[in-house]
Amino acid sequence: MVGEVDVVGAKNSVLKLMAAALLAEGTTTITNCPEILDVPLMAEVLRSLGCSVEIDGTTVHITTPSEVEHRATSSAMGKLRASVCVLGPLVARCRRAVVTLPGGDAIGSRPLDMHQNGLRQLGASSHIEHGVVVAEAEDLSGAQIWLDFPSVGATENILMAAALAEGTTVIDNAAREPEIVDLCVMLQQMGAKIEGSGTSTLTVYGVPKLEAVQHRVIGDRIVGATWAFAAATTCGDITVRGVQPQHVNLVLEKLRIAGAEITTSDEEFRVAMNRRPEAVDFVTLPFPGFPTDLQPMALALSAVADGTSMITENLFESRFRFIEELVRMGADARTDGHHAVVRGQQHLSSAPVWATDIRAGVGLVLAGLCADGVTEVWDVFHIDRGYPDFVANLGQLGAAIERVGENA
Ligand code: EPU
């Protein structure tokens, strides 16, 4: 595959920025939004809380009333993981929240203990009953919070609640993902006082009120890196625009070791592979480690690489379910606990395969592009949740791919 591809805003940023709009009365405008299924779902969640939401292509306008509804129990809540990020803002604005446990990808156990513990430290009670999280606080006061693990969602919820708490909150072992930095930037524009953004210690000086603002979402590093893997796996040459190369440094370094030629500039990078990739090991870790969201793409590359790769998954144990599908296509791969060993093959062979989540769906498409014959990937609606124009982009890059059946 050869050509250029433009990447828009990050799924895992825009949904949290939309939740953050609950923190301020008035109209928040978010630009560079991806046109993916999860954005209208999050809009539905916000509407159920009293906001009016208008989606105009890649721009989303959210008007938040002075009084926000505290019960987030609409059916949309169970359809995406990011819906849980209304918890922190609702506790901050209403001092109570009833939030349906979130849905999203079936990639392993996804408890909320760190979200709840963080809110408890700030003075809110929190328990789970009948499938909803109930949180209540007379007042929210700043606290010292240590996270067991740099959880993205817990950091976001605590950050948003702390922004309107009284006094100073310190979150230690906070997540450092670029999407957290993006949230901090928007909260700071809104008037929040936050120090240490992008580091593992966030200090939040609570303020009584935040203002609605306009904000541009950062480019989607996972989508951008997916195209980098697409180039490396199919021996292609793809230029990716709209993603900051420093957000995908480790990914590009891995692909360089695999044999790709990498060039980077401001908001652009190019990955060119002119031979069969060499096997590389991958270990998933929180940012700046190798992203778990790219683990299926790493497996697809390893399946056709020259040599043996070891892939270690440290975040979501069920993501290795993807391997069963790769094996249908002739991959030589097996797992043992957190590790997978893949012996690269010259060729994969086409087979009907099933996407189990967004990233697994994309990994299967990449594998299909390297397989002899016609590969059918089923349940591709998963891909719609995270990749705008995926099939059209692939077609423009020269892939022989067609969407058939429902929603074609
Ligand atoms: N965890 C707990 N307790 C908690 C929270 C998390 O044990 O209270 C554990 C999880 O089980 C997991 C680890 O901590 O093992 C990391 O989870 P984290 O909270 O960081 O993940 P998340 O916020 O649920 C976001 C992304 C995921 C991405 C992860 C890790 C969104 C909506 N989702 O999930 O994205 O894989 O961070 O980077 O932002 C995807 O886009 O395909 C996707 C799954």
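Report follows, based on the coordinates. Fair warning: this is a prediction, and the values are worked out from it, not measured in the lab.

The rules behind these values
- Residues numbered from 1 in each chain as written.
- Predicted model: local features only at pLDDT ≥ 70, side-chain atom pairs only at ≥ 80, totals over all residues.
- Heavy atoms only, no water.
- Salt bridge = Lys/Arg side-chain N within 4 Å of Asp/Glu carboxyl O.
- Helix = DSSP H or I, 4+ residues; strand = E, 2+ residues; numbered from the N terminus.
- Buried < 20%, exposed > 50% of the residue type's maximum accessible area, 1.4 Å probe, protein only.
- Pairing = 2+ DSSP bridges.
- Right-handed = clockwise from strand over helix to strand, strands pointing away.
- Near = heavy atom within 4 Å.
- Polar contact = N/O pair within 3.5 Å; in protein donor to acceptor, adjacent residues only side chain to side chain.
- Nonpolar A, V, L, I, M, F, W, Y, C, P; charged D, E, K, R; others polar.

This part takes up the pattern of salt bridges. Considering all chains together, one arrives at 14 salt bridges under this definition. Measuring nitrogen to oxygen at the nearest pair gives 2.6 Å for the salt bridge that ties Glu4 to Arg241. Highlighted residues: Glu4 in strand 1 (residues 2–6) and Arg241 in strand 14 (residues 237–241), separated in sequence by 237 residues. We classify Arg241 as partly exposed; its relative accessible area is 26%. A salt bridge links Glu253 to Arg256, with the shortest nitrogen-to-oxygen separation between them at 2.7 Å. One end of the pair is Glu253 and the other is Arg256, both in helix 8 (residues 249–257) and 3 residues apart, which spans about a single turn.

Looking now at the pairing of strand 6 (residues 96–100). Along strand 6, 4 of the 5 residues are buried, which leaves the element largely enclosed by surrounding structure. With 2 bridges joining them, strand 5 (residues 71–72) and strand 6 adopt parallel strand pairing. If you follow Ala72 over to strand 6, its bridge partner there is Val99. Read from strand 5 through helix 3 (residues 87–94) to strand 6, the crossover connection turns out right-handed.

The next subject is unusual backbone geometry. That bond from Phe287 to Pro288 is cis: its omega, 10 degrees, falls within 30 degrees of zero. Among the structural elements, Pro288 can be located in the loop between strand 17 (282–283) and helix 9 (295–304). Despite not being glycine, His130 shows a phi value in the positive range, around 45 degrees. Along the chain, the position of His130 falls in the loop between strand 7 (125–129) and strand 8 (132–136).

Let us now look at the site of the ligand. Around the ligand, a shell composed of 24 residues is seen, among which Lys16, Asp113, Ser151, Asp293 and Arg359 lie nearest. At 3.0 Å, a side-chain N or O of Asn12 approaches an oxygen atom of the ligand. A distance of 3.1 Å is found between an oxygen atom of the ligand and a side-chain nitrogen or oxygen belonging to Arg110. Mapped by element, the contributors of at least two residues to the shell around the ligand are helix 1 (11–20), helix 4 (113–121) and helix 5 (152–163). Among the residues forming the shell around the ligand, the class breakdown is 9 nonpolar, 6 polar and 9 charged.

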